[in-house]
Amino acid sequence: MTLYQKFKKLGIDYSAIGLEQRDDPVEYFCTPKGAKIIGCAGVDGIHYCFVKGFGETVFAVNPANSSGEYVRPIARSFEDMLAVLLSCGSMAAIEQAYMWDEAAFDEYVKENRPDEAQAAAMAVIHEQLGIEPMEHPFPYIKELQESFDYDKLKFSAEYYDLLKPVETRLPKWKVVYSGGGFWTQKGRAGKEIAVNKQFVWGEETWNIPSIYLCSEGLVVDCCVEIDTEQIRLFNEKCDLLNASDEFTEAQQEQLLSESPMNIDFNAEADVNGAKIRRKHGCGVYWIPKSCLPEDSSDNVEARFVLEHYGYDLDRGWAIHRLSFPWADKRPRSIKTLGLTLKREMVNVFGSVFKAPAVGESITLTNPITGMEHILTVHDKEVQELDPSHFGDDSMEYPTHCVGLVYTVFPELQDFYLRDCDKGDSPRVKHQNPDGPIIGGTVGFISVISGESKETYLHPDGTLAKTRVFCSSLHFESVNELELNIVFREKRMPDIEVQLI
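Definitions and limits used
- Residues numbered from 1 in each chain as written.
- Predicted model: local features only at pLDDT ≥ 70, side-chain atom pairs only at ≥ 80, totals over all residues.
- Heavy atoms only, no water.
- Helix = DSSP H or I, 4+ residues; strand = E, 2+ residues; numbered from the N terminus.
- Contact = heavy atoms within 4.5 Å.
- Expected span 1.5 Å × (residues − 1).
- Buried < 20%, exposed > 50% of the residue type's maximum accessible area, 1.4 Å probe, protein only.
- Polar contact = N/O pair within 3.5 Å; in protein donor to acceptor, adjacent residues only side chain to side chain.
- Pairing = 2+ DSSP bridges.
- Axes fitted to C-alpha atoms, helices over the stretch in contact; angles between N-to-C directions.
- Phe/Tyr/Trp six-rings, centres within 6.5 Å; stacked < 30°, edge-to-face > 60°.
- Salt bridge = Lys/Arg side-chain N within 4 Å of Asp/Glu carboxyl O.

Turning our eyes to something else, we now look at the overall build of the protein. Summing up its helical and strand segments, the protein has ten helices and 22 strands in all. For the protein, the share of sequence-separated contacts (at least 6 apart) that also reach a separation of at least 24 residues comes to 66%.

What follows covers helix α5 (residues 116-129). The end-to-end C-alpha separation of α5 is 20 Å, in line with the 20 Å expected for 14 residues at 1.5 Å each. Along α5, the residues classified as buried are Gln118, Ala119, Ala121, Met122, Ala123, Ile125, His126 and Leu129. With a side-chain oxygen lying 3.2 Å from the backbone nitrogen of Ala117, the N-terminal cap of α5 falls on Asp115. Gly130 sits one or two positions beyond α5 and adopts a positive phi of about 70°.

The next point concerns the sheet that holds strand β22 (residues 495-498). The strand order across the open sheet formed by four strands is β9-β8-β12-β22, and the pairing between neighbours is antiparallel. Across the chains shown, the open sheet's two edge strands, defined by having one partner strand only, are β9 (274-277) and β22. Each strand of the sheet is rotated relative to its neighbour by a mean of 25°, with strand direction disregarded. By the bridge criterion, four bridges tie strand β12 (residues 337-343) to β22 in an arrangement that is antiparallel. For Leu341, the partnering residue across the bridge sits in β22 and is Ile495.

Turning our eyes to something else, we now look at the sheet that holds strand β15 (residues 372-384). Spatially, β14-β15-β17-β20 is the arrangement adopted by the four strands of the open sheet, whose pairing is antiparallel. Bordering the open sheet on either side are β14 (361-365) and β20 (467-470), each of which pairs with just one other strand. Pairs of neighbouring strands in the sheet enclose a mean axial angle of 35°, with direction left out of account. Relative to β15, β14 runs antiparallel, the two sharing five bridges. Bridged to Thr365 within β15 is Glu372.

We now examine the packing of aromatic side chains. The final tally for this structure, using the stated rule, is 25 aromatic pairs. With 5.1 Å between their ring centres and 80° between their planes, Phe29 and Tyr70 make a pair best called edge-to-face. Separated by 41 residues along the polypeptide, Phe29 in the loop between α1 (3-8) and β1 (35-40) and Tyr70 in the loop between β3 (58-61) and β4 (71-75) bring together distant segments of the chain. The pair Phe29 / Tyr70 is uniform in exposure class, with both members buried.

This next bit is on the pattern of salt bridges. Enumeration over the complete set of coordinates arrives at eleven salt bridges. Between Arg72 and Glu69 there is a salt bridge; the shortest N-O distance is 3.7 Å. The class for Arg72 is buried, based on a relative accessible area of 16%. The shortest N-O distance in the salt bridge between Arg343 and Glu204 comes to 2.7 Å.

Here Cys238 is to be found in helix α8 (residues 228-242). Separated by 17 residues in the primary sequence, Cys238 and Leu255 place their C-alpha atoms 7.7 Å from one another.

Once that is clear, we can look at the pairing of strand β21 (residues 482-489). Pairing of strand β13 (residues 346-354) with β21 involves seven bridges; the strand directions are antiparallel. By the bridge assignment, Phe349 is partnered in β21 with Val486. Across five bridges, the pairing between strand β18 (residues 415-419) and β21 is antiparallel. Within β21, the position partnered with Arg418 by the bridge is Asn484.

Our next topic: the environment of Pro32. On the secondary structure map, Pro32 appears in the loop between α1 and β1. Along the sequence, Pro32 and Tyr159 sit 127 residues apart, while their C-alpha atoms lie 9.2 Å from each other. Excluding residues that lie within four positions of it along the chain, Pro32 makes contacts with Cys49, Val51, Val61, Val71, Leu153, Lys154 and Phe155.

Residue Pro410 is bonded to the preceding Phe409 through a cis peptide linkage, with omega at -10°. Locating Pro410 in the fold gives a position in the loop between β17 (400-409) and β18. Not every positive phi belongs to a glycine, and Asn196 is a case in point at roughly 45°. Considering the arrangement of structural elements, one finds Asn196 in strand β5 (residues 191-201). Positive phi, close to 55°, is recorded for Asn272, a residue that is not glycine. When you line up the elements, Asn272 lands in the loop between β8 (265-271) and β9.

Below, the discussion takes up the environment of Gly217. Note that Gly217 resides in strand β7 (residues 217-226). The sequence separation of Gly217 and Ser178 amounts to 39 residues, and the corresponding C-alpha distance is 9.1 Å. Other than its neighbours up to four places away in sequence, Gly217 contacts Tyr177, Tyr212, Phe324, Pro325 and Trp326.

What follows covers the pairing of β8. Along β8, the buried face is formed by Phe265, Ala267, Ala269 and Val271; none of Asn266, Glu268 and Asp270, which line the opposite face, is buried. Here β8 pairs with β12 via seven bridges, running antiparallel. If you follow Phe265 over to β12, its bridge partner there is Arg343. Where β8 and β9 come together, four bridges link them in antiparallel fashion. The partner of Ala269 across the bridge, within β9, is Ile276. Between β8 and β9, which pair antiparallel one after the other, the connecting turn spans two residues, and Asn272 there sits at a positive phi close to 55°.

Below, the structure written as C-alpha cells:
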C-alpha cells in the first residue's frame, strides 16, 4: 500500500487542510495529460496531482493563474508534500509559495496559522503516518520549481489553443451542469435558451443572457455590470493600505467586503412552481484595461464569456454561473422560471477597544446607523479548560481564556465581538524539546454559552438581554482583552426575478 493510499484511509477532515478527496474530481483545461488528481483545494479549481512519467512528484494546478503558469511542482514525493504541510500549516501556503520570497512566505505562514480542525488533521498525519515537519520548506519548494523542466509536461489541444493570441484562442462554447469553470468541460452540453433579462438590484445592473437545460439540472449565467469609477476608487484605496505597515487583518476583511467585485449571494430557482436551491456554481471577474496597470494581462476566461454574450469589455463585470439540480426529473418543458436572489450579510468593523472592568461601560458607535450604544460588562471570569475536552493526546492545547457577560443598550441584533489576539497555537507533543512544532491557531471555542441566569436593567428600566463572549485560548492566563466590535449589514433586500 502506497503512502497516498494510507493517507486516504486516515478518515481525517481532508477539506480542512486543502486536500479535499472527491470520487470524480473535475479536470480542467490546464490539468496535465496523465494526471491523477489526489486532492482539491475547494476554491478556484485548484487541485493537486501525480503525473504519469514524473514518478512521485506532486504538482499543484491553478486554473486562475496567468497564462502558461498554471502548473508547478510542489514536492518530490507525497511524503515530502506532507512534511512541508506539517511545517507551514496549509496547502495554500505551498501552492502560493512561487509568488513570494522567503520573508513573505514566513509572514504568510505566521499570519495564517492552522485552526483547530487543521491542527487536528495534521496531528493524525504526524502520529499515524510517522511524518515529521520539514525544517526548511521554502528553499525546498523554490529549488524544486527552479530546477524543473516545464517543457516536459504535456497538455490537451485545448490548452495549447488558449496559449495563442486572444483573437485566435476561442474554444467551442459549451455549458455543462457539473463544469468547474467557463471553459469547455467534459460532459454533454446543455441546451441554451436565450432570455436576455436585465434588471436593477440596488445600484447594480444585472444581466441574465441565457439559461441551459442539462440532463442533471438547470444552469443560469448572471453577468453584473461594475462601474469603472468604483473599481478605480477601490484600487486607489488598496494601494494606500498596502503602502501602510499597519494594514491589519480587520482592514483586510473590511476591504474585501467593500470591493465592488465582491458580490456574494444565494439563489433559489422556481421551475414550474418547484423550488430548487442552488447546488454549486463558479465565478470570474473582468477588470477593463483602463483599470489595470500597464503591464497586466486581462482575464481570458472572463473575456471568453463576455465576447460570447456580446457585452462591453470597457466596463467591469462580475460573472456568476449557477447550477440547480432538477427537483425530480428533467421537465419536458419550462413553462415558468423565476429566481429568488438573496444577498449575504457583510461585516462592517467598528471600534477596537479595551474590555471594560466589571461594572464599567464603554460607548461604541455603529458606523452603519451612526447610533451610539453602551456596552456594559457585568461579569468576568478567567477560566482554564480541562485538556481532556480536546480528545487528542498527541496535541498540547492552550487552555486559558476569559469569559465576559455583558449587555448593550440600546439593543443590537446583528453584531459580534472578536478577540484582536488570535491566541496561542496548539502543538504536537515531542520527546525532543528542540524539535519542530506543528502550530495552529485555536479559534473561537464557547466556554460560556447561552444567556446568563442573572438579569440587569437598561438605563430606561427595561430588562436587559445578557450576552456572553469567550476570548481566544492561551497557554498562560491573560487578564486584559482588546476587542473589536463587528456589525453585520444586509445591504440589499431580497429580489425575485421572473425569467420565463
